Every structure is written in C-alpha cells, then in structure tokens.
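Here is how the chains run, residue by residue.
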Number of protein chains: 2
Amino acid sequence: MMQRVCFLLKVRADRLDEYRERHAAVWPEMLDALSANGWHNYSLFLREDGLLVGYLETEDFAAAQAGMASAGINARWQAEMAPFFEALDGARPDEAMKPLTEVFHLA
Amino acid sequence: MMQRVCFLLKVRADRLDEYRERHAAVWPEMLDALSANGWHNYSLFLREDGLLVGYLETEDFAAAQAGMASAGINARWQAEMAPFFEALDGARPDEAMKPLTEVFHLA
C-alpha cells in the first residue's frame, strides 16, 4: 500500500537554470539512497516562476524522510541545494517538505 | 510509455470545504469518462490556502484533454466546478490546466 505524497518548495528565480541542470545530473549515489529509502515514482516539476512541485509514492513518508535524513550523501546533496531555495528559515530543503492533503484519487 | 503531468489551479479560499466534499463524491460517470480517456493515477492535492496540485499519468495528455473536452458528463462537471476556482478568465477549469515542466524523475 503506497502513500502518494505532494510537496511544494520555491526555487529562487535567479537560479532556475542551474537548478534544472543539477537535477538533470543528480549524483548516482543520491538516486540509490532515495530508492533504498523507499522514494518511488519521484518527480519534480518546475513552474516558470520557481514554484517547485514534488510528487512521490512511498510505503511510509515519515520513514522515507527519516531514512534520507540519516544518509550522508543526502546531507551533502541538501547542503548544495539549500542556496537554490527561497525562505527555508534555516531548514534543509528536505526538512521543508510539508505534504499537501490529497483530496481526490482515481487509480 | 506514460507522460507524468502536473498542473496547478487555485480554489477560492471561501469554498475549500465544499470543494473537498465534492471531490470525495465525484460522479461515477465522471470517473468512468476520465478512465476511458486515459487519465490514470490521477490525484488532486489541496494546500490550506487553496492552491491545488493535479498529478496524473497518461499516454498523451493532449489526447486525454481532448477526449474529456468532448464528453458531455465533463461539460456538466466543469460547469459545476468553475465557481470554486479563482481567476479562470472565462475558461473551464479543465481548460486552465497548464502542465509544468518535469525537471527530475526517479522510477
């Protein structure tokens, strides 16, 4: 049984091109860590103004987040990504992922 | 081969509860029409301020939209949904679905 998770973040308007480039070449070790921690069918969508939508499917999002929070490769990735985002108030991007409420689903 | 599609709309802040209720009881004929026109794994997520995120998988989003545009049940559903949304500028909600760009995917 999978949870469907959606979260929003805001990429700085002056860093969009570099953000796209980095996400076309995510470190293989980062991809492996995501998969190993249950992040499946994971997409990021970017609106032209920098609004970023994340979507993933996982058995348990709290466990998926906790697993990544303890992964060294993720700490290095999130440290490099943090400057791309607006207003995280000191949190890492992955700590700022607040799931929205799913109000409809059709298989 | 499936396209992953993400779009955003804005539900009026004073209609959120009713929007949720309607989407907990979408007409069966509307669900059938979506499935028949290739809308798969279709979710709607609602942020507390009314920002609505749609996510679906389909073989061809243009064809999936065109199929629904010609479905009578969809015309009736969209007419009932239009007052829930902000600033559609005369378009039906389904006509205002502009896909965001996917910048990352991990299967």
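Please read these numbers as outputs of a predicted model, since none were measured by experiment.

(A) A look at the overall build of chain A. A tally of regular secondary structure across chain A gives four helices and four strands. What you see in chain A, going N to C, is helices and strands ordered as β-α-α-β-β-α-α-β. Since a compact globule built from 107 residues should have a radius of gyration of about 13 Å, the 14 Å found for chain A is in line with a globular shape. Viewed in the frame of its principal axes, chain A has a C-alpha envelope of about 40 × 30 × 25 Å. When each of the 107 residues of chain A is scored for burial, the buried share is 22%. Considering only residue pairs separated by 6 or more positions, chain A has 72% of its internal contacts joining residues 24 or more positions apart.

(B) Fine view of the interface of chain B and chain A. Between chain B and chain A, the residue contacts involve 27 residues of the former and 27 residues of the latter. Of all the secondary-structure elements, those providing two or more residues to the side of chain B that touches chain A are β1 (3–10), α1 (16–23), α2 (28–36), β2 (40–46), β3 (51–58) and β4 (101–106) of chain B. Of the residues contributing to the side of chain B that touches chain A, the split by class is 17 nonpolar, six polar and four charged. As paired strands, strand β4 (residues 101–106) of chain A and β2(B) are joined by five bridges and run antiparallel to one another. When the sheet's bridge partners are listed, A:Leu106 is paired in β2(B) with B:Tyr42.

(C) Main features of the sheet that holds β4(A). Sheet architecture is open: four strands sit in the order β4(A)-β2(B)-β3(B)-β1(B), paired in antiparallel fashion. Looking along the sheet, the strands with just one partner apiece sit at the ends: β4 of chain A together with β1 of chain B. Pairwise comparison of adjacent strand axes, ignoring direction, gives a mean angle of 15° for this sheet. Both β2(B) and β3(B) contribute to a ladder of five bridges, which runs antiparallel. Note on β3(B): the bridge partner recorded for B:Leu46 is B:Leu52.

(D) Inspection of the relation of the copies chain B and chain A at higher detail. With an RMSD of 0.0 Å, the operation that places chain B on chain A is a rotation of 180° combined with a shift of 0.0 Å along the axis. Taken together, the rotation angle and the small translation identify this as a two-fold axis. Most of the interface of chain B is mirrored in chain A: 100% of its interface residues are interface residues there too.

(E) Spotlight on the packing of α2(B) against helix α4 (residues 72–81) of chain B. All names here are of chain B. The N-to-C vectors of α2 and α4 enclose an angle of 120°; their axes lie 9 Å apart at closest approach. In terms of orientation, α2 and α4 fall into the oblique class. Considering only the axes of α2 and α4, their crossing is left-handed. Of the residues in α4, those touching α2 at Glu 29, Met 30 and Ala 33 are Ile 73, Asn 74 and Trp 77.

(F) Up close: the nonpolar core. Counting 38 residues, the largest nonpolar core has A:Cys6, A:Val53, B:Cys6, B:Val11 and B:Val53 as the members making the most contacts within it. When residues of this core are traced back to their parent elements, those giving at least two are β1 (3–10), β2 (40–46), β3 (51–58) and α3 (61–69) of chain A together with β1, β2, β3 and α3 (61–69) of chain B. Sequence-distant contacts of B:Val11, that is, excluding residues within four places in its chain, are made with B:Leu16, B:Tyr19, B:Leu46, B:Gly50, B:Leu52, B:Phe84 and B:Phe85.

(G) The arrangement of the sheet that holds β2(A) in detail. Taken in spatial order, the four strands make up an open sheet running β1(A)-β3(A)-β2(A)-β4(B), and their pairing is antiparallel. Each end of this open sheet is capped by a strand with a single partner; those strands are β1 of chain A together with β4 of chain B. With strand direction ignored, the average angle separating the axes of adjacent strands in the sheet is 15°.

(H) Quick peek at the environment of B:Tyr55. Note that B:Tyr55 resides in strand β3. Separated by 44 residues in sequence, B:Tyr55 and B:Pro99 have C-alpha atoms that sit 9.5 Å apart. Here B:Tyr55 is in contact with A:Cys6, A:Tyr55, B:Cys6 and B:Ser43, once residues within four sequence places are set aside.

Conventions we followed
Residue numbers restart at each chain and count upward from 1, following the sequence in its written direction. Chain labels run from A onward and ligand labels from 1 onward, assigned in the order the entries are written. Given that the model is predicted, a residue must reach a pLDDT of at least 70 before its local features are reported, and side-chain atom pairs must reach 80 or more before they are shown or counted; all residues, however, enter totals for whole chains, interfaces and linings. Helix and strand assignments follow DSSP, with helices taken as H or I runs no shorter than four residues and strands as E runs no shorter than two, numbered in order from the N terminus. In this treatment the radius of gyration is a C-alpha quantity, and the globule benchmark scales as 2.2 Å times the residue count to the 0.38 power. Backbone-placed C-beta atoms define the burial measure: a residue is buried with 20 or more other C-beta atoms within 10 Å of its own, exposed with 12 or fewer, and partly exposed in between. Any residue pair is listed as a contact if its two C-beta atoms, each placed from the backbone, are within 7 Å. Think of it as three bins: nonpolar holds Ala, Val, Leu, Ile, Met, Phe, Trp, Tyr, Cys and Pro, charged holds Asp, Glu, Lys and Arg, and polar takes everything else, Gly as well. Pairing between strands is defined by DSSP: at least two bridges between them are needed. Think of each axis as a best-fit line through the C-alpha atoms, taken over the contacting stretch in the case of a helix, with angles from 0 to 180 degrees between the N-to-C directions. We superpose the copies by least squares over the C-alpha atoms of residues that have a pLDDT of at least 70 in both of them. Here roughly perpendicular refers to angles of 65 to 115 degrees, roughly parallel to angles under 35, roughly antiparallel to angles over 145, and oblique to all remaining angles. By definition, any crossing whose near helix is turned counterclockwise from its far helix by less than a right angle is left-handed, and any crossing with a clockwise turn is right-handed. One nonpolar core equals one set of buried Ala, Val, Leu, Ile, Met, Phe, Trp, Tyr and Cys residues connected by C-beta atoms within 7 Å.

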